[in-house]
Amino acid sequence: MGGDQDNGQTQATGRRALLGAAVLGAGGAVLGLPGTARADATRPAGRPGRGLKGLPVPTVIAHRGASGYRPEHTFGSYDLALDLGADVVEAGDLVPTKDGHLVCRHEPEIGGTTDVAAHPEFAGRRTTKVLDGVPTTGWFTEDFTLAELKTLRAVERVPANRPHNTLYDGRWEIPTFEEVLKWQDEQTRRRGRQVWIYPETKHPTYFRELGLGLEERVAKLLRKYGKDGRHSPVVIQSFEPTSIQRLNRLVDNPLVVLLSSANSRPYDFVAANDPRTVADLVTPKGLREIAGYAQGIGPTVDLVIPKKADGTLAEPTTLVSDAHRVGLVVHPYTLRNENPFLPAEYRRGGAADGYGDALGAFRTYFATGIDGVFTDNPDTGLLARADFLAG
């Protein structure tokens, strides 16, 4: 998921330990995770055959994989998310290559998530583009063929924040969406349970203007692998409502509209001179409209519980109940363990790479009635869910 505000994403954060678990770097195997076992033991049963609404509630969605512990959008991050017990893996912020393949990157600009800067053969590809109205300098996936991108390796996006993750820099290549769909089937067979994924169409208006429309490419691959049905284990999300509307005409998958800060405007609205903001979309009228073409919303957590001027939590809004009233599930983003990402009352000390009371924060958000949550730390989410369900 990108453009997701990230509650101070650019601030220095990091990680200490995997809540006491020892993690093997090579394959993502995990040793000694009693906390995860406890979470699995109290895992709420989903309702088979119900699609999106059949998932355990509250659903723990691994944000770009287990990105608190591995470089995001790599098979190392995705594998670890499943090892830790995540219900769903956000496998794929989807962006296209020059030759039309879909790959998984946080943003089309890959200077911060790959080692492209260390490749002298690509030095001339560095450029400045206007991405959704914002001048952005770097290297862009649409300027590379898939073969060229496969020569790169992923690196930790926020190395000053999560220095331990830099251990894995250079280990994994950039996955394609087709590889993710094959991985999903392989992991489902290997683990004996259905693996769910939650890809996102990134900057669809921008890419359509370049002749690289995302939705048709997504639909073609879903049809190829028989994953384009109403109850298919692939939930598709986007910050642009028109992208979800387009997908609604192409596939029957569960669909989710992502919602940024209340005063922001989806870029497709900007491009179409639609004056509405997210504040309009989260009204009962706006939610009814969304329910006409989607099954859920993914709001920033601040739309669920706003923050006061001092960074502590205010009273919850009515968004969850309003969305439920029109049949929408609510999957807010993004909860993380590190202090800078937590509401002020849940921080512990001032270390930017220190963990606060993330378990307490999770439980507070669960108490609003949300159906699930995106998190960089799925093990923490599972422990918090076990505590919450145990009362």
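- In the annotation of an unreviewed UniProt entry, the protein chain is listed under the name glycerophosphodiester phosphodiesterase and assigned to Streptomyces rubradiris.
- In the Catalytic activity (unreviewed entry) part of its UniProt record, the protein chain is described as follows: "a sn-glycero-3-phosphodiester + H2O = an alcohol + sn-glycerol 3-phosphate + H(+)".
- For the protein chain, the Sequence similarities (unreviewed entry) comment in UniProt is given as "Belongs to the glycerophosphoryl diester phosphodiesterase family."

**Some thoughts on the pattern of salt bridges**
Think of it this way: side chains of opposite charge can pair up when their charged atoms draw near.
Thought 1: Tallied over the full model, the rule gives 28 salt bridges.
Thought 2: Between lysine 129 and aspartate 143 there is a salt bridge, with its nearest N and O atoms 3.0 Å apart. Here lysine 129, found in strand β7 (residues 127-131), pairs with aspartate 143, found in the loop between β8 (134-138) and α3 (146-149); they are 14 residues apart in sequence, far enough to count as distant.
Thought 3: The class for aspartate 143 is partly exposed, based on a relative accessible area of 23%.
Thought 4: Within this structure, Arg64, Glu72, Asp93 and Arg157 form a network of salt bridges that share partners.

**Section: the packing of aromatic side chains**
Thought 1: A complete count under the given rule lists 10 aromatic pairs for this structure.
Thought 2: Ring centres of phenylalanine 75 and tyrosine 78 lie 5.8 Å apart, and the angle between their planes is 85°; on these two criteria the pair is classed as edge-to-face. Highlighted residues: phenylalanine 75 and tyrosine 78, both in helix α2 (residues 75-83), separated by three residues, approximately one helical turn.
Thought 3: Of the residues examined, phenylalanine 75 reaches a relative accessible area of 21% and is grouped as partly exposed.
Thought 4: With a relative accessible area of 0%, tyrosine 78 lands in the buried category.
Thought 5: Taken together, a centroid distance of 6.0 Å and an interplanar angle of 45° make the contact between phenylalanine 75 and tryptophan 183 tilted. Placement of the pair is phenylalanine 75 in helix α2 and tryptophan 183 in helix α4 (residues 177-191), with a sequence separation of 108 residues.
Thought 6: The class for tryptophan 183 is buried, based on a relative accessible area of 6%.
Thought 7: Three or more aromatic residues joined by ring pairs make a cluster, and in this case those are Phe75, Tyr78 and Trp183.

**Topic: the sheet that holds strand β5 (residues 93-96)**
Thought 1: Here we have seven strands laid out as an open sheet, ordered β6-β5-β10-β11-β12-β13-β14, and mixed in their pairing. Edge positions in the sheet fall to β6 (102-104) and β14 (329-330), since each has one partner strand and no second.
Thought 2: Bridging between strand β12 (residues 255-259) and strand β13 (residues 296-299) involves four bridges; their strand directions are parallel. Note on β13: the bridge partner recorded for valine 257 is isoleucine 297.

**Some thoughts on the sheet that holds strand β15 (residues 372-375)**
By definition, the strands of a sheet pair up through backbone hydrogen bonds, in either a parallel or an antiparallel sense.
Thought 1: Read across the open sheet, the four strands follow the order β9-β4-β3-β15; overall the sheet is parallel. Unpaired on one side and paired on the other, β9 (196-197) and β15 mark the two borders of the sheet.
Thought 2: Note: strand β4 (residues 88-89) against β9, two bridges, orientation parallel. The residue bridging valine 89 from the neighbouring strand is isoleucine 197, located in β9.

**Examining helix α7 (residues 241-250)**
Side chains of residues three or four places apart in an α-helix project in the same direction, reflecting 3.6 residues per turn.
Thought 1: Of the positions making up α7, those classed as buried are Pro241, Ser243, Ile244 and Leu247. Down the axis, α7 shows its buried residues gathered within 155° of arc, on one side only.

**Concerning the pairing of strand β3 (residues 59-62)**
Thought 1: Burial along β3 is two-sided: Thr59 and Ile61 facing one way and Val60 and Ala62 facing the other are all buried.
Thought 2: Note: β3 against β15, four bridges, orientation parallel. Across the sheet, residue threonine 59 finds its bridge partner in β15, namely glycine 372.
Thought 3: Sheet topology note: the β3/β4 ladder contains two bridges and is parallel.

**What about unusual backbone geometry?**
Thought 1: With an omega of -5°, the peptide bond running from valine 57 to proline 58 counts as cis.
Thought 2: Mapped onto the fold, proline 58 is located in the loop between α1 (34-41) and β3.
Thought 3: For the bond from tyrosine 333 to threonine 334, the omega torsion is -15°, close enough to zero to count as cis.
Thought 4: By the secondary structure assignment, threonine 334 is in the loop between β14 and α13 (358-366).
Thought 5: Notably, histidine 73 is not glycine yet its phi reads approximately 50°, a positive angle.
Thought 6: Looking at where histidine 73 falls in the secondary structure, it is placed in the loop between β3 and α2.
Thought 7: Positive phi values are uncommon outside glycine, yet asparagine 273 reaches one of about 60°.
Thought 8: Position of asparagine 273 among the secondary structure elements: in the loop between α8 (267-271) and α9 (278-281).
Thought 9: By relative accessible area, which is 67% here, asparagine 273 ends up exposed.

**A few points about the side chain of threonine 201**
Thought 1: Residue placement: threonine 201 occurs in strand β10 (residues 200-201).
Thought 2: At a separation of 3.0 Å, a polar atom in the side chain of threonine 201 contacts the side chain of serine 238.

**Topic: the nonpolar core**
Thought 1: Grouped together as the largest cluster of nonpolar side chains are 80 residues, with contacts concentrated most on Phe177, Trp183 and Ile297.
Thought 2: The contact partners of phenylalanine 177, leaving out residues within four places of it in the chain, are Leu94, Leu102, Val103, Cys104, Ile197, Pro199, Val218, Leu221 and Leu222.

Cut-offs applied
- Residues numbered from 1 in each chain as written.
- Predicted model: local features only at pLDDT ≥ 70, side-chain atom pairs only at ≥ 80, totals over all residues.
- Heavy atoms only, no water.
- UniProt positions renumbered as here; feature names shortened; annotations may be inferred.
- Salt bridge = Lys/Arg side-chain N within 4 Å of Asp/Glu carboxyl O.
- Helix = DSSP H or I, 4+ residues; strand = E, 2+ residues; numbered from the N terminus.
- Buried < 20%, exposed > 50% of the residue type's maximum accessible area, 1.4 Å probe, protein only.
- Phe/Tyr/Trp six-rings, centres within 6.5 Å; stacked < 30°, edge-to-face > 60°.
- Pairing = 2+ DSSP bridges.
- Arc of directions from axis to C-beta.
- Polar contact = N/O pair within 3.5 Å; in protein donor to acceptor, adjacent residues only side chain to side chain.
- Core = buried A, V, L, I, M, F, W, Y, C linked by side-chain atoms within 4.5 Å.
- Contact = heavy atoms within 4.5 Å.

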